[in-house]
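One letter stands for each residue in the lines below.
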Amino acid sequence: MATATAAVPDLGALATAMVRSATRQPLKRAVTAAVLVALFSQIRRMLARRRSGGTAASAASSTTAVVASSGAAPRKRKPDVDKVFFRRLHRLLKICIPSLRSKEFVLVVLHSAFLVLRTILSVYVAALDGRIVSALVQAKGRAFIKGLFLWMAIALPATYTNAMLGYLQSKISLAFRTRLTDHVTTQYLTTATFYRVTNLDDRVSSPAQLITVDIPKFCNSVAELWSSLAKPILDICIYNYQLAQSVGGNVLLAGSLLIHISAQLLRLATPAFGKLVAEEGRLEGDLRFRHSRLLENAEEIAFYGGEEREQSILDDAYIRLIRHVNRLFKTRAVFNVLEDYVIKYFWGACGLIITAGPVFFPSSGGKRSRLVAAAADGDDAVPAGAAPTIGSRTQDFVTNRRLLLSSSDAFGRIMYSFKEMSELAGYTSRVTELLDTLDDVMAGKYRKALVGSAKAEVSRRALAPAAAAAATDASPASPSTSGGGIDKATLLASRGTVIESDFIDFKDVPIVTPNGDILLEKLNMTIRPGDATLITGANGAGKSSSLRVLGGLWPLYGGVMTRPAASDIFYIPQRPYLCTGTLRDQVIYPHTHAEMRARGVTDADLQAILEVMQLDTLVEREGGWDAVKEWSSTLAGGDKQRLAGARLFYHKPKYAILDESTSVTNVVVEQIMYQHAKELGITMITIAHRPTVWQYHSKILQLDGMGGYVFTDLDPEKRLALQEEKTRLECLLQEESKLKSRLDELRSIHAERFESAPSSSASL
């Protein structure tokens, strides 16, 4: 065992041998340098593929980039292995490896050390293989047994090295994925970015696909590429040095030139795998998105009976994906045939020519390097000027052939890695597109394809076309848009001013949709603490849109908006969101149990809140506070809305926005909810159509659906009386219409009888 350990060379001895040999033999040093320069030139040309055709310059707007429907959308750049790819890769690697002291950098260094160790062991094994075959040919039993002993001894560090390479590669991939996913999700879940990415921007259709699928693929590809690129380059350097020492630089240079020419031809025949992989990822995301839409709208689709239609939609997305995947498979199969022929067989023939050089042209051969000589048998050493023996010739041939096969395999892995790098370019393009979109959205820059006219005009979609055409634009509260509107891109690029205070105030604030449609040109209103406000109007008039601007979900495209901090405004929709977790989590969302205890709130306090909302039996009925269920399907609609009211009373904000949040609760619970909110000092801002909620508000914002509005004090009794009078008059008008119809019918009957009377008299 000691003999085996002593026979294993180290890096210092290898470096010393290379320097001494290069110093003694300047010709071989020049040949080796030429081979290495040609090799790296080939790699550089392979990675820097020039694109034919001009590059279109795309000037990004400093605020908001908008693509109109009438214009052509900006072309997406084809993923390719070029300067842009390396710039994107460098950006992602800075996220994956944040510093030289990070765990990820340590893993990469360890992995690189094992790669070097594996290369050194491979050279030693090649020399040892030649020694064993030489002993077998010469029937030297003792040398053969000694070689086998060394072979078994060197297998221990070799197998350990191979296992550690696979383990460290997996750890690097996982560490990169953790870093990158954490970076993306931190941005994705900051200040409602996840909402803006899907509603205000069109660049990323399925962020979930990119986060859960493309990021892991990118990290796996990077980790594999490091192994399949770094080690082959190191192998080629060391193996070619050993071959130059053994077979001579002239023979090695001739074989390398043939390999270089064939590699150039193979590069020209390489398809654009990066573009194909990127398109596959996009189609996968589209299919996943359509399945998620089916689940989100399952109830509506079931009521409509749209199973066949939805199946055709899913089939269409799946067929497009399968067609592309089949095309990708065929492209890979054709390229693999050419690639295997060149790399395995043509380069193998070149290798045989190189190893046969010292046999047919003894003068071209060199001397063994120290690393090879360390594993060689001393008995096979050839004296100076003596003809090589069969044993030494066999040993040199086996050693050189193994080194050449290893070098050819390393160069083949570099060629294979170019295909992997092309695929990596596709993953890199999609991940950096997500990062660019998140950065732009967080900075208030959006790119969205606009639908309809390029001019921004006041929307009148709440009115019939004839009424909208006949409606006047004069309104004291909302001046009209002049001259056919302004350009949508200009409007969407503008920004207003947001001021944080303890009250709500809108001064000349336009309510604009992400498509550039103006719902309200200039909204002016002030809501102070205690001013419970009711918002009414037709569908599409801008009720919910105004609240989206107030909540910061939509950008402020002009004017000055004063509002409280985000933590002082609480929103309750018509369909409350119930998270994954315990029953307690449904009441305290988005707080955690630890945050609840930090606030000094106990389960008894939560129970008291549930009793206010008449849910005192809910905890016992559902199995306790720690019960975990799919609450969105377990609870009824009324229980969900009352649970949302309990969530409101737990948080106790200064302002609460209720969007039809009591539509399925009874009047008694509704009254309790509003009265308790008033006792807690919560100012309610309500969107509702039920007259029963009027009595709990002192202000009203009424939208007419054609860009006008009225914001004034609300007298619930007077408004209710007017509403009753309106209903009564409508009934009278309906009755009048029925009476008129009946009168016309009686007149027609009387006329028919009068006409038939003279004819009867004449017959008599």
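Residues numbered from 1 in each chain as written. Predicted model: local features only at pLDDT ≥ 70, side-chain atom pairs only at ≥ 80, totals over all residues. Heavy atoms only, no water.

With that settled, consider the packing of aromatic side chains. Centre-to-centre distance and the angle between the planes together describe a pair of aromatic rings. Scanning all chains against the criterion turns up five aromatic pairs. The ring of Phe503 has Arg528 sitting right over it, with the charged end atom 4.5 Å from the ring centre. Here the guanidinium or amino end of Arg599 rests over the ring plane of Tyr650, the centre of that ring lying 4.7 Å away. (Phe/Tyr/Trp six-rings, centres within 6.5 Å; stacked < 30°, edge-to-face > 60°. Lys NZ or Arg CZ within 6 Å of the ring centre and 35° of its normal.)

This part takes up the sheet that holds strand β7 (residues 518-527). Here four strands make up an open sheet; going across it, the order is β5-β9-β6-β7 and the pairing mixed. Either end of the sheet is taken by a strand with one partner, and the two such strands are β5 (497-500) and β7. Between one strand axis and the next, the sheet turns by 25° as a mean value, whatever way the strands run. Both strand β6 (residues 504-512) and β7 contribute to a ladder of six bridges, which runs antiparallel. Within β7, the position partnered with Val512 by the bridge is Ile518. (Pairing = 2+ DSSP bridges. Helix = DSSP H or I, 4+ residues; strand = E, 2+ residues; numbered from the N terminus. Axes fitted to C-alpha atoms, helices over the stretch in contact; angles between N-to-C directions.)

Let's shift gears to the pattern of salt bridges. Taken as a whole and assessed by the stated rule, the structure comprises 22 salt bridges. Where Arg91 meets Asp436, a salt bridge forms, and the shortest distance between an N and an O atom there is 2.4 Å. One end of the pair, Arg91, is in helix α4 (residues 83-96); the other, Asp436, is in helix α14 (residues 390-442), and 345 residues separate them in sequence. A relative accessible area of 28% places Arg91 in the partly exposed class. Asp436 gets classed as partly exposed once you look at its relative accessible area, which sits at 33%. Between Asp214 and Arg430 there is a salt bridge; the shortest N-O distance is 2.7 Å. Of this pair, Asp214 sits in helix α8 (residues 207-247) while Arg430 sits in helix α14, and the two are 216 residues apart along the sequence. Since its relative accessible area comes to 2%, Asp214 is described here as buried. One connected set of salt bridges, linked through shared partners, spans Arg621, Glu622, Lys629, Asp639 and Arg642. (Salt bridge = Lys/Arg side-chain N within 4 Å of Asp/Glu carboxyl O. Buried < 20%, exposed > 50% of the residue type's maximum accessible area, 1.4 Å probe, protein only.)

Strand order in this open sheet of six strands is β10-β13-β14-β8-β15-β16, and the pairing throughout is mixed. Pairing within the sheet leaves two strands with one partner each, and these edge strands are β10 (569-572) and β16 (709-713). When strand polarity is set aside, the average angle formed by the axes of neighbouring strands in this sheet is 15°. With three bridges connecting them, strand β8 (residues 533-537) and strand β14 (residues 683-687) associate as parallel partners. Each bridged residue has a counterpart across the sheet, and for Leu534 the counterpart in β14 is Thr686.

With that settled, consider the packing of helix α5 (residues 103-137) against helix α6 (residues 141-188). Close contact between α5 and α6 brings their axes to 8 Å; oriented N to C, the two are set at 160°. The orientation of α5 relative to α6 falls into the category roughly antiparallel. Like other packed secondary-structure pairs, α5 and α6 cross with a definite hand, here left-handed. (Parallel < 35°, antiparallel > 145°, perpendicular 65-115°, else oblique. Left-handed = near helix turned anticlockwise from the far one by under 90°.)

Once that is clear, we can look at the pairing of β16. Inspection of the sheet shows strand β15 (residues 699-703) paired to β16 by five bridges, in the antiparallel sense. Paired with Gln702 across the strands is Val710, a residue of β16. Taking the residues between adjacent antiparallel strands as the criterion, β15 and β16 are bridged by five residues, where Gly705 takes a positive phi near 85°.

Attention shifts here to the side chain of Asn515. On the secondary structure map, Asn515 appears in the loop between β6 and β7. Judged by relative accessible area, which is 14%, Asn515 ranks as buried. Within polar-contact distance, the side chain of Asn515 engages the side chain of Asp517 at 3.3 Å. (Polar contact = N/O pair within 3.5 Å; in protein donor to acceptor, adjacent residues only side chain to side chain.)

With that settled, consider a nonpolar patch on the surface. A contiguous nonpolar surface patch, about 440 Å² in accessible area, is contributed by Leu258, Tyr341, Tyr345 and Phe346. For the nonpolar patch, the element with the most residues is helix α12 (residues 307-360), which contributes three residues. Within the secondary structure, Tyr345 sits in helix α12. (Patch = residues over 30% accessible without salt bridge, like charges linked within 9 Å, V, L, I, M, F, W, Y side chains within 5 Å. Areas by Shrake-Rupley, 256 points an atom, 1.4 Å probe, with all protein chains shown as cover.)

Let us now look at the nonpolar core. The biggest cluster of nonpolar side chains holds 73 residues, and the ones touching the most others in it are Leu180, Phe218, Phe506, Leu523 and Ile685. Among the elements that make up this core, the one with the highest residue count is α14 (12 residues). Once residues lying within four places of it in the same chain are set aside, the contact partners of Ile685 are Ile504, Ile527, Thr533, Ile535, Leu547, Leu550, Tyr655, Ala656, Ile657 and Leu658. (Core = buried A, V, L, I, M, F, W, Y, C linked by side-chain atoms within 4.5 Å. Contact = heavy atoms within 4.5 Å.)

One can describe the packing of helix α20 (residues 603-612) onto helix α23 (residues 637-651) by two numbers: an axis separation of 9 Å at closest approach and a directional angle of 130°. Taken together, α20 and α23 sit at an angle that is classed as oblique. Relative to α23, α20 is oriented so that their crossing is right-handed. Touching Leu606, Ile609, Leu610 and Val612 of α20 are Leu643, Ala646, Phe649 and Tyr650, all from α23. Among the residues making up the contact of α20 with α23, the classes are represented as eight nonpolar, no polar and no charged. (Nonpolar A, V, L, I, M, F, W, Y, C, P; charged D, E, K, R; others polar.)

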